[in-house]
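Here are the chains, one letter per residue:
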Amino acid sequence: MLRMVVPVMAFLLVTGCGKVAELANQTRTVAAPREQVFAKMFGDGSAFAGLPLVTNGGSTRLYELVAEKGDPGFEQLVPKERPDAWKVKVAVAMEIPREAHLIYSVDDGALATGLKFTFEDLAPDRTRVAFTIDELSGDGAKGLAVNRFALQKVARDALDKLDDFEEVKEPG
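What counts, and at which threshold
- Residues numbered from 1 in each chain as written.
- Predicted model: local features only at pLDDT ≥ 70, side-chain atom pairs only at ≥ 80, totals over all residues.
- Heavy atoms only, no water.
- Helix = DSSP H or I, 4+ residues; strand = E, 2+ residues; numbered from the N terminus.
- Buried < 20%, exposed > 50% of the residue type's maximum accessible area, 1.4 Å probe, protein only.
- Contact = heavy atoms within 4.5 Å.
- Areas by Shrake-Rupley, 256 points an atom, 1.4 Å probe, with all protein chains shown as cover.
- Pairing = 2+ DSSP bridges.
- Axes fitted to C-alpha atoms, helices over the stretch in contact; angles between N-to-C directions.
- Phe/Tyr/Trp six-rings, centres within 6.5 Å; stacked < 30°, edge-to-face > 60°.
- Arc of directions from axis to C-beta.
- Salt bridge = Lys/Arg side-chain N within 4 Å of Asp/Glu carboxyl O.

1. Some words on the overall build of the protein chain
Part 1 of the reasoning: Broken down by element type, the protein chain carries four helices and nine strands.
Part 2 of the reasoning: Each helix (α) and strand (β) of the protein chain, taken in turn from the N terminus, gives the series α-β-β-α-β-β-α-β-β-β-β-β-α.
Part 3 of the reasoning: Looking at the 172 residues of the protein chain, the share that counts as buried comes to 42%.
Part 4 of the reasoning: Within the protein chain, counting contacts between residues at least 6 apart in sequence, those at least 24 apart form 63% of the total.
Part 5 of the reasoning: A total of about 9000 Å² of accessible surface is found on the protein chain, and carbon and sulfur atoms cover 51% of it.

2. Comments concerning the pairing of strand E7 (residues 111–123)
Part 1 of the reasoning: Bridge count for strand E6 (residues 99–106) against E7 is eight bridges, and the pairing is antiparallel. Paired with Leu-102 across the bridge in E7 is Leu-115.
Part 2 of the reasoning: Between the end of E6 and the start of E7, which pair antiparallel, lie four residues, with Asp-107 showing a positive phi angle near 50°.
Part 3 of the reasoning: Connecting E7 to the antiparallel partner strand E8 (residues 126–133) that follows it, the hairpin turn spans two residues.

3. Digging into the side chain of Arg-34
Part 1 of the reasoning: With respect to the secondary-structure elements, Arg-34 resides in helix H2 (residues 34–42).
Part 2 of the reasoning: If near-sequence neighbours (up to four positions away) are discounted, Arg-34 is found in contact with Pro-97, Arg-98, Phe-119, Glu-120, Asp-121 and Thr-127.

4. A look at the sheet that holds strand E4 (residues 60–68)
Within a beta sheet, neighbouring strands are joined by backbone hydrogen bonds and run either parallel or antiparallel to one another.
Part 1 of the reasoning: What the seven strands build is an open sheet, ordered E2-E8-E7-E6-E5-E4-E3; its pairing is antiparallel. Edge positions in the open sheet fall to strand E2 (26–30) and strand E3 (53–57), since each of these has one partner strand only. Ignoring strand direction, the axes of neighbouring strands in this sheet form an average angle of 10°.
Part 2 of the reasoning: Judged from the eight bridges that link them, E7 and E8 form a sheet pairing that is antiparallel. What sits directly across from Leu-115, in E8, is Ile-133.
Part 3 of the reasoning: With respect to the sheet, H2 is in contact with E2, strand E5 (87–95), E6, E7 and E8, its orientation differing from that of E7 by roughly 150°.

5. A look at the packing of aromatic side chains
Each aromatic ring pair is characterised by the separation of its centres together with the angle its planes make.
Part 1 of the reasoning: Applying the stated rule across the entire model yields five aromatic pairs.
Part 2 of the reasoning: With a centroid separation of 6.2 Å and an interplanar angle of 85°, the aromatic rings of Phe-42 and Phe-119 are classed as edge-to-face. In this pair, Phe-42 sits in helix H2 while Phe-119 sits in strand E7, placing the two residues 77 residues apart along the sequence.

6. Details of H2
Because the α-helix completes a turn every 3.6 residues, residues three or four places apart line up on one side.
Part 1 of the reasoning: Among all positions of H2, only Arg-34, Val-37, Phe-38, Met-41 and Phe-42 are buried. The buried residues of H2 occupy an angular sector of 100° when the element is viewed end-on, so they sit on one face.
Part 2 of the reasoning: In this structure, the buried side of H2 is in contact with E2, E5, E6, E7, E8 and helix H4 (148–160).

7. What about the pairing of E4?
Part 1 of the reasoning: Here four bridges tie E3 to E4, and the two strands are oriented antiparallel to one another. By the bridge assignment, Gly-57 is partnered in E4 with Thr-60.
Part 2 of the reasoning: In sequence, E3 turns back onto E4 through a hairpin of two residues, with Gly-58 there showing a positive phi of about 80°.
Part 3 of the reasoning: With nine bridges connecting them, E4 and E5 associate as antiparallel partners. Among the inter-strand pairings, Glu-64 is bridged to a residue of E5, identified as Ala-91.

8. A short note on the pattern of salt bridges
Part 1 of the reasoning: Under the criterion given, the structure shown has 12 salt bridges.
Part 2 of the reasoning: Residue Lys-116 pairs with Glu-99 through a salt bridge whose shortest N-O separation is 3.6 Å. Taken as a pair, Lys-116 in strand E7 and Glu-99 in strand E6 lie far apart in primary sequence, 17 residues in all.
Part 3 of the reasoning: We classify Lys-116 as partly exposed; its relative accessible area is 25%.
Part 4 of the reasoning: Between Lys-153 and Asp-157 there is a salt bridge, with its nearest N and O atoms 2.8 Å apart. Placement of both Lys-153 and Asp-157 in helix H4 is noted, with a separation of four residues, approximately one turn of the helix.
Part 5 of the reasoning: Given a relative accessible area of 40%, Asp-157 falls into the partly exposed group.

Here is the structure:
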C-alpha cells in the first residue's frame, strides 16, 4: 500500500532554502454536475483509493497513512531536509462533493503542507474546480519552501481528469 502512495505524495516534499511558494488560485470550469466532477477526480479509481479509511461520517471522509521511522518505504516519504524525522502522515480529507484536501505532515505537524481542491456549483450542469496550495507551516519549516512545480503538476494531473467534460469559458 505504501508503494502506491509514494509517487502521489512525492509532490508534497519540500525543497531547500527560499521563501514559501505562493501560487494564485487556479481554476477550471466544466459543463457537468458537481457530484459527477468530484467522482471523476476522486472516485474509486483515484490514486488515493489505496489509503486506509480512518473516519467515514457520510459525506465526510478521512483517508490516512502514517509511516514511522523503520517502516518499509519510510525513507521515500521523509524529506531529505529532515533526515532526523520520525513520522510522516499522508492524508486526504474529503467533504464529498465539495472539497478534497491532500495533506502532508512530518513529525506531527512540525512540517506541513497540502493541496486543496474545491468544487463550486455554478448551475445545475456547471461546476468550477479550483485548487490552492497550502503554505508550508510548522516549527521545522524555517528556511524551506514548497516544491511548487511538483504541486502544480499534481493539481494539473488531477484537473486533466476532467478532459472528458466540456470546458466552459467564463467571461473575463
